[in-house]
Amino acid sequence: MADIWLVGAGAIAIRYSKVLDALKREYITIGRGHENAMAYFEATGKEAIEGGIDAFLATKPDRAECAIVAVNVNCLASTTISLMNYGVKRIFCEKP
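Residues numbered from 1 in each chain as written. Predicted model: local features only at pLDDT ≥ 70, side-chain atom pairs only at ≥ 80, totals over all residues. Heavy atoms only, no water.

A. Molecular detail of the nonpolar core. Ranked by size, the top nonpolar core spans 16 residues in total, and within it Trp-5, Val-7, Ile-30, Ile-53, Phe-56 and Leu-83 carry the most contacts. Secondary-structure elements contributing two or more residues to this core are strand 1 (4-7), strand 2 (27-30), helix 3 (53-57), strand 4 (66-69) and helix 4 (73-86). (Core = buried A, V, L, I, M, F, W, Y, C linked by side-chain atoms within 4.5 Å. Buried < 20%, exposed > 50% of the residue type's maximum accessible area, 1.4 Å probe, protein only. Helix = DSSP H or I, 4+ residues; strand = E, 2+ residues; numbered from the N terminus.)

See the structure below:
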């Protein structure tokens, strides 16, 4: 499993994907809806896991070293709390 979880598959996540690729870091992207996942794939060539963070965590993946939260402001708190409850220690919340 990747050391970094990029949570979100929108425009900001697309930019983070490019940065992580340039840094040659392994990561997975976790999005919610099909439409954003398809747009993410078209922009990056990488697939996003659909269903949202809680559905992803329900599969009991190995914990990531860190996470980048790039979701809309309405989901920011709940996404970050889910990651903290799962034990992810280093979380970057992307919002101004």
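B. Spotlight on helix 2 (residues 34-44). Of all the positions in helix 2, only Ala-37, Tyr-40 and Thr-44 are classed as buried. Along the axis of helix 2, the buried residues cluster in a sector spanning 60 degrees; they form a single face. Of the exposed residues in helix 2, the ones pointing more than 90 degrees away from its buried face are Glu-35 and Glu-42. Positive phi shows up at Gly-45, right after helix 2, with a value of about 80 degrees. (Arc of directions from axis to C-beta.)

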